[in-house]
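# Coordinate analysis (summary)
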Amino acid sequence: MSTGRVQFSSKLGVIAATVGSAVGLGNIWRFPYEAGTHGGGAFLLCYILFVFLIGVPTICAEFTMGRASRVGIPGAFRQGHKSRKWDVVGYFGILAAILILGFYAVVAGWTFEYIIESVLNAFKETTPEVRHEHFESFISGWRAVGWTILFLLVNALVLLGGVQKGIERVSNILMPLLFIILIAFCINSFFMPGFDQGITFLFHPDFSKLTPDVILSALGQAFFSLSLGMGCLITYSSYFSDRTPLVKTAFQIAFLDTLVAILAGVIIFPAVFSFGMSPAEGPTLVFEVLPGIFNLMPGGMVWSTLFFILLSVASLTSLISVSEIVVAFLSDEFKLSRIKATMLLTAFTVVTSTLCSLSFGPLRSLNLFNIFDYVSSNILMTLGGIGVCIFVGWKMRKCDSLEELHNKAGIPIWLYNTIMFIIKYLAPICITIVFIAGLI
Ligand code: PHE
């Protein structure tokens, strides 16, 4: 295999980059509104179950593929056999990455606008109606497109720096920053009048709320949040050194990613209840409801600014990881230089994300934003997850998975066997059931 592949230079770098990929809009924007609209505690319980029961073994499967082959997708699907039949699963991943980039960059761009508006104290004394109108008119116009393009340029700058000097270095700085901001918010949240009510909503499972729809959303959310099923973790693990303990790292990512989602809930729900708002606001929760709440708090302008910085940091490290899938693909398969690959991808994404952004305005009838989101998260990532598990469980040579997960990672053989059992049987079956039920 191509042994000269660049690697992350430190343990911290591995964790910061992979957690940076996992922690994103999925945790701070999507998780609270999914939990809010799906009954809080019951959703959280399903979510945690899926993350650790199916998510962790699937992360192990992706890691095994990436490090054993030391290439991104679709190359990793050729590990251990000659045929190119499995390439198609890899190409699904590339397609998913392209679609995710299109809509993710749009929401990421919004965070820049909201940082500026927070600094300018633009939400001061606004009513929910005013904020709603403001949000609607902002996202439907060209200003939003401008922020999206700026975000993509920042993203491109990091990618141009390469694996160590770009991705790793930026993640090493931004991830600690993210955790510091999160902790400051949690402390603040503790002193809010609605703290108890918010915490009860988030942690007290009401099992009557446990419908198939809630279960489906929880699995979809777990996959999206862990960056699973589209080759992202395959690509990143192709940069791991032989000393990186794969199983331990998988647990750490799952733990930290879940922690951030829960902390986001701990921050948002007490605030929502303290100011008499509804947790079931849906996708606009973060952009319409929160700025209003911040304004009622002492030092609201600072909190609001910090919150949107948090959101933009989280989005940037995730966007970088999705982009790296395509950059690695272009350089592995077509031998393009990093500069050319990054420029090509950025130019292409500027076009697709502009179309997505305008689907809130002039291109409303096309509705590309929702189509990109739906096809990538609900169809391609789920199919990709099934593909990865079947590939590692059934197609890859056992000696490869044994070497990566057991020998190099030093985990006991019973744990290896359990993980492989889940990868072979439980995960593909569960994901398939959820997928089919979701389509019906
Ligand atoms: N996990 C990221 C989030 O929670 C999104 C993402 C999906 C990133 C797929 C990479 C790959 O926001």
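Attention here is on the structure that accompanies the text. Predicted model, so just to flag it, every value in this text is computed and none were measured.

### Overview of the site of the ligand
For the ligand, the set of nearby residues contains 17 residues, the closest of which are A22, G26, Y104, F224 and S225. The contact in question runs from a nitrogen atom of the ligand to an N or O atom on the backbone of S21, over 3.3 Å. A22 is positioned such that a nitrogen or oxygen atom in its backbone is 2.9 Å from an oxygen atom of the ligand. Coverage of the ligand by the protein chains reaches 100% of its 320 Å² of free accessible surface. If you map the ligand onto the pockets, it falls in the largest cavity. Those elements giving two or more residues to the shell around the ligand turn out to be α1 (11-22), α2 (25-37), α4 (87-119), α9 (212-225) and α13 (300-334). Each residue belonging to the shell around the ligand can be placed in one class, and the counts come to nine nonpolar, eight polar and no charged.

### Looking at the pattern of salt bridges
Counted according to the given criterion, the structure contains 12 salt bridges. R397 is paired through a salt bridge with D400; the nearest N and O atoms lie 3.0 Å apart. A relative accessible area of 41% means that R397 is categorised as partly exposed. Judged by relative accessible area, which is 12%, D400 ranks as buried. Residues joined in a network through salt bridges with shared partners are R67, R70, D242, E404 and K408.

### Observations concerning the layout of surface pockets
By volume, the largest pocket amounts to about 740 Å³. R30, E34, D373, Y374 and N378 are the residues nearest the centre of the largest pocket, which is lined by 33 residues in total. Those elements that place two or more of their residues in the lining of the largest pocket are α2, α5 (128-139), α9, α15 (368-395) and α17 (413-439). Looking at which element gives the most residues to the lining of the largest pocket, the answer is α15, with eight residues. A class-by-class count of the residues in the lining of the largest pocket yields 16 nonpolar, 12 polar and five charged.

### Overview of the packing of α2 against α4
Each packed pair of helices is defined by two parameters, the angle between the axes and the distance between the axes. Following both chains from N to C, one finds α2 and α4 inclined at 85°, their axes separated by 12 Å at the closest point. With respect to α4, the axis of α2 lies roughly perpendicular. Residue-level contacts link L25, G26 and W29 of α2 to Y104, V107 and A108 of α4. Residues belonging to the contact of α2 with α4 are distributed by class as follows: five nonpolar, one polar and no charged.

Parameters at a glance
- The residue numbering used here restarts from 1 in each chain and proceeds along that chain's sequence as written.
- Totals for whole chains, interfaces and linings use every residue, but because this is a predicted model, local features are given only for residues with pLDDT of at least 70 and side-chain atom pairs only at 80 or more, for both listing and counting.
- Only hydrogens and water are removed before side-chain values are computed, so all heavy atoms of the structure are retained for them.
- Summary of the distance rule: residues count as near a molecule or strand when at least one heavy atom falls within 4 Å of that molecule or strand.
- Residues adjacent in sequence count toward polar contacts only when both atoms are side-chain atoms; beyond that, a polar contact is any pair of N or O atoms within 3.5 Å, and within protein one must be able to donate a hydrogen and the other to accept it.
- Using the Shrake-Rupley algorithm and a 1.4 Å probe, accessible areas are obtained, with residue cover drawn only from the displayed protein chains.
- Buriedness of a pocket was judged along seven lines, with at least five required to meet protein on both sides within 12 Å; pockets are open sets of points on a 1 Å grid over the protein atoms alone, cavities are sets where a 1.4 Å probe fits but cannot get out, and lining residues have an atom within 4 Å of a point.
- Think of it this way: a molecule belongs to a cavity or pocket when more than half its atoms come within 2 Å of the grid points there.
- Note on conventions: DSSP H or I runs of at least 4 residues are helices, E runs of at least 2 residues are strands, and numbering of each starts at the N terminus.
- Charged means Asp, Glu, Lys or Arg here, nonpolar means Ala, Val, Leu, Ile, Met, Phe, Trp, Tyr, Cys or Pro, and polar covers whatever is left, Gly included.
- One side-chain nitrogen of Lys or Arg within 4 Å of one carboxyl oxygen of Asp or Glu is enough to make a salt bridge.
- Categorising residues by exposure relies on relative accessible area from a 1.4 Å probe, with only protein chains included: less than 20% of the type maximum marks a residue as buried, more than 50% marks it as exposed, and the intermediate range marks it as partly exposed.
- Grid points are joined across faces, edges and corners, and a volume is the space filled by probe spheres set on the points.
- Angles shown run from 0 to 180 degrees and are taken between the N-to-C directions of axes, each axis being a line fitted to C-alpha atoms and, for helices, limited to the stretch in contact.
- By definition in this entry, angles of less than 35 degrees are roughly parallel, angles greater than 145 are roughly antiparallel, angles of 65 to 115 are roughly perpendicular, and the rest are oblique.
- We call two residues in contact when some of their heavy atoms are within 4.5 Å.

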